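# Summary of the model geometry
Here is how the chains run, residue by residue.
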Amino acid sequence: MVKIFIDEKSFEVEDGITVFKAAKEAGIAIPHLCYHDAFPPEGSCRMCLVEIEGLPKLELACSTQVRDGMKVFTKSERVVEARKGVLEFLLAEHPLDCPICDKAGDCKLQDYYETYGLFESQFREVKEKREKKAKIGKNLIHDEERCIICKRCVRFLKEVTHTQELGIFERGIHTSVNIYELLPVDNNYSGNLAQICPVGAITDTDFRFKTRSWLLKKGKSICPLCSRGCNISIEYHPGFPHFQVPKKVFRIYSLENPDVNGFWICDLGRYGYSYIDENRLDRIMIKKEEQKIEPTWEQSLQFIAEKIKGLNFLKKTSQIALVLNTWLSNEELFLIHKIFKSDLNVESIFFADRPQSEGDDILLTPERSPNRRGAQEMGLSIQPVKLETLATKTRLLLVFGSSIQDQFSSSDIKKVLDKIETKILFASHSNDLISFFDIVLPTALIAEKGGSLTNVEGRIQKFSPVFEPSGDSLPEWMMLADLGREFGINPSFYEQLKTPEAISIETEKEIPFFREKK
Amino acid sequence: MIKALGYFIEIIRGIVITSRHFFVNFFFRILNVLGIKTKRKGAVTIQYPEQRKEIATRHRSLHRLMAREDGKPRCVACMLCATVCPSECIYVEAAEDPELEMQKYPSKFIIDIGRCCFCGFCVEACPEDAIRMDTGKIELAGYSRDDLVYDLDKLLK
Ligand code: SF4
Ligand code: SF4
Ligand code: SF4
Ligand code: SF4
Ligand code: FES
């Protein structure tokens, strides 16, 4: 530990760290463009200049190490003047097309100019025209005019993906970032470039021109598209009710979590968000023959509870079958385990998930669902569905999610389902399966509910709703707690499970894995 | 009783004021009609709609979108007007013109005049001088609320 003074306040910091990090820990923000916590300092933008007592020139905070007794000034007149100067050079060739720049609002250059700049440019020369729309990757566009040559993108491709598609070409004022001869940036992490570019030089076609960043609301969540459980920020527009424009998710940004995903997310998670808004199932659907009940939550859940009660009374719970998926949260899987395994001794519990696919050695795992580990730790063995088994003795079938259609053809599923007396589907999206079931209940997505997920490494991560569930849908844990209460083996137990937290406390009590991991 | 008296006194006062205005106006108006120039104009009303007052240059009337030389809107769909609008009555959807270098243009631009409070913030926010409120159109009534929703075509005219 060494003692340093930043802006005349003293701080104890670890030896060997940089002035920038020391200041950050002390809660003092130093403007920076090229520095990124993920990489070693580069020192190319000069935005982080600070004054250090005893040194004749200003120093770079991002690459200067702390010394015992060092006196750093981050707001002195010289520093502020120097920042202005740096900005003036950075902006000398900058197009300042903020009105049409997708980074505007999140742009560091824009922010620093607001804070330190606000000068009339002294450059009288006409700005040079450069390529504004270079397609450098499958969904990336590079604007050479806006690029400040901070090399974050180049370093990312070198140090994270090791693919090195981008390089720096030419020198001096002609320096530019570009791809090597027709080899575009084409890896599963390319979307991170648009996020880490401190200005609007790299933008992605997915977000390009769609909206403005300040119009978006943000919510923390967990990416459910593989079992890594990357921390994400879901950025959405709440909609314009006066113009009948509904809520819409516009982009996913990664959030920093050194234990899980570092700073990055893969493109599958970044661009695969359309499922949140598209083709959602918004209402309870009841088949004609079941018209006696009304499509309300009370009536449908009561109907299911009555069926379960009946079978339980006849000691025929072996005629109940469940098809689960590992998009269900720990809390939901716990309730299922509790109700169907412990209370009712149901044996036919199967899983139908999206088919596994290729992973990579950065973040993406082969599993295409977020909570496989959670299901295993819950004591549910992940057996795949066998249609024949379902067909033989089942009278009540509860299916969570629609992934059985990824494994069997609709006609096969229909044939089997026709033999089953009562079948219920819990689904978030409308699809071909819906018409085969007696009752279809709309469910909320991870982004719309609370709970926790266990990632591939066994880390339990909590999430809370980012926005309201679409239409009439409800989170599965709510329905399950209701079911538990209705069919009544131990109603008082389910009575108190009013929040995911309450369920999670019970999970920890009963299942050692969750207690230890807490 | 006393209260009721006060009431009548006020009514009489009102009648006196109104009649004074009437007769003074009447008098000067007749002089004016007879061609006798006086400082006072007499009647202050004008024969709207045949006769119209000149609208001050700073007056904020119905919006219009400015066009470029080729007829395309000058607007770059930056959505600053929609951001600043306190009545949330502007809706812009952007699109990319594949031909021109990096041209963002509004594929939809809607102003719901029925909600607009004519504050003029949109005009001030616009970095492109693409929206103005200088059409001089002040009769904006419509037969339905939908008549008051102005889209790109209507605004560009
Ligand atoms: S990169 Fe930043 S400063 Fe440059 S045009 Fe975009 S928002 Fe403006
Ligand atoms: S494209 Fe962006 S990240 Fe890459 S060097 Fe230019 S400004 Fe930096
Ligand atoms: S004048 Fe004011 S209320 Fe009307 S559209 Fe413009 S900003 Fe909105
Ligand atoms: S502020 Fe101007 S350029 Fe921007 S969207 Fe509105 S009218 Fe178009
Ligand atoms: S942040 Fe230090 S030089 Fe760029």
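Residues numbered from 1 in each chain as written. Chains lettered and ligands numbered in written order. Predicted model: local features only at pLDDT ≥ 70, side-chain atom pairs only at ≥ 80, totals over all residues. Heavy atoms only, no water.

### Here we look at the pattern of salt bridges
What counts here: A pairing counts as a salt bridge when a side-chain nitrogen of Lys or Arg comes within 4 Å of a carboxyl oxygen of Asp or Glu. Where helices and strands are cited, they refer to DSSP runs of H or I of at least four residues and of E of at least two residues respectively, numbered from the N terminus. Only protein chains enter the accessibility calculation, which uses a 1.4 Å probe. A residue is then buried if its area is under 20% of the maximum for its type, exposed if over 50%, and partly exposed in between.
Throughout the structure, instances matching the rule amount to 44 salt bridges over all chains. Between R64(B) and D134(B) there is a salt bridge; the shortest N-O distance is 2.7 Å. Taken together, the residues span a long stretch of sequence, with R64(B) in strand β1 (residues 64-65) and D134(B) in the loop between β4 (131-132) and β5 (149-150) at a distance of 70 residues. Judged by its relative accessible area of 25%, R64(B) falls in the partly exposed class. Linked through salt bridges whose partners overlap, the residues forming this network are D97(A), K129(A), K132(A), D143(A), E145(A) and R146(A).

### Thoughts on the confidence of the model for chain B
Let me state the cut-off plainly: The predictor reports its confidence for every residue as pLDDT, a score running from 0 up to 100.
For chain B, the mean per-residue pLDDT works out to 91, and 99% of the residues sit at or above 70. This complex was scored by the predictor with a pTM of 0.91 and an ipTM of 0.86.

### Focus on the domain arrangement of chain A
Residues and elements named next belong to chain A. This is how the line gets drawn: The split into domains, and so the bounds of each, comes from an automatic or database assignment of domains. Whether two residues touch is decided by their heavy atoms; if any such pair falls within 4.5 Å, the residues are in contact. By buried area we mean how much accessible surface two parts lose on assembly, using a 1.4 Å probe and totalling the loss over both. Any pair of N or O atoms that falls within 3.5 Å is considered a polar contact. Within protein, one atom must be able to donate a hydrogen and the other to accept it, and sequence-neighbouring residues count only if both atoms are side-chain atoms. We call Asp, Glu, Lys and Arg charged. Ala, Val, Leu, Ile, Met, Phe, Trp, Tyr, Cys and Pro are nonpolar, and the rest, Gly among them, are polar.
By the assigned domains, chain A splits into domain 1 (2-90), domain 2 (128-204), domain 3 (218-276) and domain 4 (285-516). A straight line from the C-alpha centre of domain 2 to that of domain 3 covers 23 Å. With 14 residues of domain 2 in contact, the opposing surface of domain 3 contributes nine residues. For domain 2, the biggest contributors to the area lost against domain 3 are N188, N192 and Q195; these three give 49% of the whole. Inspection of the region where domain 2 meets domain 3 yields one salt bridge. At the surface where domain 2 touches domain 3, the tally comes to eight residue pairs in polar contact (both at pLDDT 80 or more). With five residues, the single largest contributor to the side of domain 2 that touches domain 3 is helix α5 (residues 191-196). Residues of the side of domain 2 that touches domain 3, tallied by class, amount to five nonpolar, seven polar and two charged.

### Thoughts on the site of ligand 3
Our working definition: By convention in these notes, a residue is near a molecule or strand provided one of its non-hydrogen atoms lies within 4 Å of it.
The environment of ligand 3 is made up of 14 residues, and the closest members are C85(B), C116(B), C119(B), G120(B) and C122(B). Taken together, the residues of the shell around ligand 3 break down into eleven nonpolar, three polar and no charged.

### Structural notes on the packing of helix α8 (residues 330-343) of chain A against helix α13 (residues 476-487) of chain A
All names here are of chain A. Heads up, the condition is: Note on definitions: angles span 0 to 180 degrees between N-to-C directions of axes, and those axes are lines fitted to C-alpha atoms, for helices only across the stretch in contact. Here the angle decides the label: under 35 degrees means roughly parallel, over 145 means roughly antiparallel, 65 to 115 means roughly perpendicular, and every other value means oblique. Two helices crossing with the near one rotated counterclockwise from the far one by less than a right angle form a left-handed crossing, whereas a clockwise rotation gives a right-handed crossing.
Viewed as axis vectors pointing N to C, α8 and α13 meet at an angle of 25°, and their least axial separation amounts to 9 Å. Considering their axes alone, α8 and α13 lie roughly parallel with respect to each other. Of the two elements, α8 crosses α13, and the hand of that crossing is left-handed. Residues E332, L335, I336, I339, F340 and D343 of α8 pack against E476, W477, L480, A481, G484 and F487 of α13. The residue inventory of the contact of α8 with α13, partitioned by class, reads eight nonpolar, one polar and three charged.

### Observations concerning a nonpolar patch on the surface
Residue and element names in this part refer to chain B. Filter applied, for reference: Residues enter patches when their relative accessible area tops 30% and they take part in no salt bridge; the joining distance is 9 Å for like charges and 5 Å for the nonpolar side chains Val, Leu, Ile, Met, Phe, Trp and Tyr. Method for areas: the Shrake-Rupley scheme with a 1.4 Å probe, in which residue coverage is limited to the protein chains shown.
Taken together, the side chains of Y7, F8, I11, I12, I15 and V16 present a nonpolar region at the surface, about 630 Å² in accessible area. Following the sequence through the fold, I12 ends up in helix α1 (residues 2-33). You can call I12 exposed: its relative accessible area is 53%.

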